[in-house]
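So you can see what is in the structure, the chains are spelled out below.
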Amino acid sequence: MQQEIQKKYQRLRDIIQEMGSVVVAYSGGVDSTFLAYVCNDVLKEKSIAITALSETYPEKEYHSALLYARQLGLNHRVIRTSELSSRQFSANPVNRCYYCKQELFKKLREIADIENVPSVLDGTTLSDENDYRPGRMAACELNVRSPLCEAGMSKKEVRELSRLLGVPTWDKPAYACLASRLPYGEEITVDKLKRVEQAEELLHTLGFRNCRVRSHNNIARIEVDIPQLHEILKNRETIITKLQNLGFLYITLDLEGYRSGSMNKSISNLSDTQVETADVTQPRHSSGLHSVPQDFTQNEEFNVAVGLFFCPRCNNEKLHQIITKTSRYRQCENCGGIWFNINELEKAVGEKIRFSLPAGVRTGETPNAEHPSAIGGRRQRLKCPACVSTNMSLIKALELPDVNISVCMICQ
């Protein structure tokens, strides 16, 4: 085992050991299976792996999760969730995953409280931070920890460790809930989910491991690995017949091939009307999120997918949102500190956006978290305003050598 990956693995075991007992969100996927395996190895019966069965979870994946749980000797339970009973989820807004994860994590937290277990865990890795994942907000609100991310593990490293440790999911294709096959704004129904499930099962039986059938009303858009595009044409008649029998009128092949999260390409193109239809303006509350003011518009809520934050340095000072033609960010009126969401910092640097300090704050007086006089001669350790309790890590950016940047490694 490589030295670097060995250190991360030991760090993961130490993190889990410190928790004492855990409830693990276990779907049978690569990341959650590896996490459940390590938790079981470290904590034995004090680790409870829980699979949530719902309309968005394919039957094949459920049976696989049961099989892996038996093979690994997990302390395993199955519960039911019903995301489609929530209009906020079934309307399929851009932050759909928030409502899905909220439903799941609330039930896991209830079980943890009944069992007197302090920690609820999910299988998020560092690699997951590269995509739009509003479900992370639900994890933050309900204090769900992501030990793989805390240990600094990527998906590639999880697969490699799984292979070395004999975890059977090490080479399993990535999978996401069936709702991700529908474009944002199109209502999610049981029939649509079943249709997609059956269409993808056909492709699996024909030998396509990495594949998606994206459902655009009556159009099926097939994604497979680029080297296998020609194989779809070889099975053309079978695929057309089966998918048309399922109710699709038009069958298309995506020439870009299989790619995770392809539906997220449409997020930046959604109009205000579509956002309103999606009903994503419900303010959310936790120990670190506060009610949204009246001038906090739907379009702002759609883009940031969180409530109002307080400055991580000044604590009780609100971070006021500033929107330009090309970027959006929050700034503290007291210290002038700026809070970015995922990818916004890179965009701001690339477009050379000039920031102005609030009135009353001069450049020479702006607090420097790295400077020894920051707080009583001690360097300040900032807490993430979204995750509330997570310590942010101080980094240096090559593009901004004179600027101190603190990053939350959980939600970024």
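Up top is the structure.
Fair warning: this is a prediction, and the values are worked out from it, not measured in the lab.

1. A word on the packing of aromatic side chains
Point 1. Scanning the entire structure with this criterion turns up 1 aromatic pair.
Point 2. Sitting over the face of the ring of Tyr175, Arg181 holds its NZ or CZ atom 4.9 Å from the ring centroid.
Point 3. Sitting over the ring of Tyr175, Arg212 keeps its end group 5.3 Å from the ring centre.

2. Remarks on the nonpolar core
Point 1. Judged by nonpolar contacts, the single largest core of 35 residues is most densely connected at Leu12, Ile16, Tyr26, Phe34, Val38 and Met153.
Point 2. Elements supplying a minimum of two residues to this core: helix H1 (3-19), strand S1 (22-25), helix H2 (30-43), strand S2 (47-53), helix H3 (59-72) and helix H8 (155-165).
Point 3. Leaving out residues up to four positions away in the same chain, Phe34 has contacts with Tyr9, Leu12, Leu148, Met153, Val158, Leu161, Ser162, Leu165 and Val167.
Point 4. In this structure, Phe89, Val120, Cys140 and Val144 belong to the second largest nonpolar core, which totals 29 residues.

3. Concerning H3
Point 1. A rise of 1.5 Å per residue sets the reference length of H3, with its 14 residues, at 20 Å; its end C-alpha atoms lie 20 Å apart and thus fit the reference within 8%.
Point 2. When we look at burial in H3, the residues that qualify are Glu61, Tyr62, Ser64, Ala65, Leu66, Tyr68, Ala69 and Leu72.
Point 3. Among the structural elements, H2, S2 and strand S3 (76-80) are those in contact with the buried residues of H3.
Point 4. Directly after H3, the chain includes Gly73, whose backbone phi takes a positive value near 70 degrees.

4. Here we look at unusual backbone geometry
Point 1. The backbone phi angle of Asn143 is positive, close to 55 degrees, even though this residue is not glycine.
Point 2. Among the structural elements, Asn143 can be located in the loop between helix H6 (135-141) and strand S5 (144-145).
Point 3. Although it is not a glycine, Asn217 sits at a positive phi angle of roughly 55 degrees.
Point 4. Along the chain, Asn217 falls in the loop between strand S6 (211-216) and strand S7 (219-224).

5. Some words on the pattern of salt bridges
Point 1. Counted under the stated rule, the structure contains 22 salt bridges.
Point 2. With a shortest N-O distance of 3.2 Å, Glu186 and Lys192 are connected by a salt bridge. The pair Glu186 / Lys192 is uniform in exposure class, with both members buried.
Point 3. Between Asp254 and Arg259 there is a salt bridge, with the nearest N and O atoms lying 3.1 Å from each other.
Point 4. Salt bridges linked by common partners bring Arg214, Arg221, Glu223, Asp254, Glu256 and Arg259 together as one network.

6. So, the environment of Thr56
Point 1. Tracing the backbone shows Thr56 in the loop between S2 and H3.
Point 2. Each C-alpha atom of the pair Thr56 and Cys177 lies 5.6 Å from the other, and the pair is 121 residues apart in sequence.
Point 3. Non-local contacts of Thr56, meaning those with residues more than four positions away in its chain, are made with Glu83, Phe89, Cys177, Leu178 and Leu193.
Point 4. A distance of 3.0 Å separates a polar atom in the side chain of Thr56 from a polar atom in the side chain of Ser54.

7. Looking at the sheet that holds S7
Point 1. Taken in spatial order, the 3 strands of this open sheet run S6-S7-S8, and their pairing is mixed. Edge positions in the sheet fall to S6 and strand S8 (250-253), since each has one partner strand and no second. Going from strand to strand, the sheet's axes swing by 20 degrees on average, the running direction of each strand aside.
Point 2. Docked against the sheet, helix H9 (residues 190-205) engages S6 and S7, running at close to 150 degrees with respect to S6.
Point 3. Against the sheet, helix H11 (residues 236-245) engages S7 and S8, with an angle of about 135 degrees to S8.

8. Overview of the side chain of Glu223
Point 1. Looking at the secondary structure, you find Glu223 in strand S7.
Point 2. Overall, the relative accessible area of 0% leaves Glu223 in the buried class.
Point 3. Only 3.3 Å separates the side chain of Glu223 from the backbone nitrogen of Arg259, close enough to count as a polar contact.
Point 4. Dropping the residues within four chain positions of it, Glu223 is found in contact with Asn210, Cys211, Arg212, Arg214, Asp254, Gly257, Tyr258, Arg259 and Ser262.

9. What about the packing of H9 against H11?
Each pair of packed helices can be described by the angle between their axes along with the distance between the axes.
Point 1. H11 packs onto H9 with a crossing angle of 160 degrees between their chain directions and a minimal axis gap of 10 Å. Classified by the angle their axes make, H9 and H11 are roughly antiparallel. Like other packed secondary-structure pairs, H9 and H11 cross with a definite hand, here right-handed. Contacts between H9 and H11 involve Ala199, Leu202 and Leu203 on the former and, on the latter, Thr238, Ile239, Lys242 and Leu243.
Point 2. Across the contact of H9 with H11, the residue classes break down as 5 nonpolar, 1 polar and 1 charged.

10. Considerations on the environment of Ala199
Point 1. Looking at the element boundaries, Ala199 is found in helix H9.
Point 2. Taking relative accessible area as the criterion, Ala199 reaches 0% and is therefore assigned buried.
Point 3. Here the alpha-carbon distance between Ala199 and Leu246, two residues 47 residues apart in the chain, equals 7.7 Å.
Point 4. Contacts of Ala199, omitting those with residues within four sequence positions, involve Val213, Leu243, Leu246 and Phe248.

11. Considering a nonpolar patch on the surface
Point 1. A grouping of Ile219, Leu249 and Tyr250 is seen on the molecular surface, where their side chains present a nonpolar patch of about 300 Å² in accessible area.
Point 2. The residue Leu249 is located in the loop between H11 and S8 in this model.

What counts, and where the lines are drawn
- Within each chain, residue numbers correspond to sequence positions counted from 1 in written order.
- Local features in this predicted model are restricted to residues of pLDDT 70 or higher, and side-chain atom pairs are both shown and tallied only at a pLDDT of 80 or more, whereas totals for entire chains, interfaces and linings draw on every residue.
- As a rule here, side-chain values cover all heavy atoms of the structure and leave hydrogens and water aside.
- Aromatic pairing here means that ring centres of Phe, Tyr or Trp (its six-membered ring) are within 6.5 Å. Orientation follows from the plane angle: under 30 degrees is stacked, over 60 is edge-to-face, and everything else is tilted.
- The criterion for a charge sitting over a ring is simple: Lys NZ or Arg CZ within 6 Å of the ring centre, and within 35 degrees of the ring normal.
- Take the buried Ala, Val, Leu, Ile, Met, Phe, Trp, Tyr and Cys residues and link them wherever side-chain atoms come within 4.5 Å; each set so joined is a nonpolar core.
- Exposure classes here rest on a 1.4 Å probe applied to the protein chains alone. A residue is buried below 20% of its type maximum, exposed above 50%, and partly exposed in between.
- Helix numbers and strand numbers start at the N terminus; a helix is a DSSP run of H or I with at least 4 residues, a strand a run of E with at least 2.
- Note on contacts: a residue pair qualifies if any of its non-hydrogen atoms lie within 4.5 Å across the two residues.
- Here the expected length of a helix is defined as 1.5 Å per residue gap, with one fewer gap than residues.
- Any carboxyl oxygen of Asp or Glu within 4 Å of a side-chain nitrogen of Lys or Arg constitutes a salt bridge here.
- N or O atoms closer than or at 3.5 Å make up a polar contact, with two conditions inside protein: a donor-capable atom paired with an acceptor-capable one, and, for residues adjacent in sequence, both atoms drawn from side chains.
- In this analysis, strands are considered paired if DSSP registers two or more bridges between them.
- The axes are straight lines fitted to the C-alpha atoms, using for helices just the contacting stretch, and the angles between their N-to-C directions are given from 0 to 180°.
- Oblique is the label for any angle not under 35 degrees, not over 145, and not in the 65 to 115 range, which are roughly parallel, roughly antiparallel and roughly perpendicular in turn.
- In a left-handed crossing the near helix is turned counterclockwise from the far helix by less than a right angle, and in a right-handed crossing that turn is clockwise.
- Each residue gets one label: Ala, Val, Leu, Ile, Met, Phe, Trp, Tyr, Cys and Pro are nonpolar, Asp, Glu, Lys and Arg are charged, and the others, such as Gly, are polar.
- Patches in this entry comprise residues that are over 30% relatively accessible and not in a salt bridge; like charges within 9 Å are linked, as are nonpolar side chains (Val, Leu, Ile, Met, Phe, Trp, Tyr) within 5 Å.
- Surface accessibility follows the Shrake-Rupley procedure with a 1.4 Å probe radius. Residue values consider only the protein chains on display as shielding.

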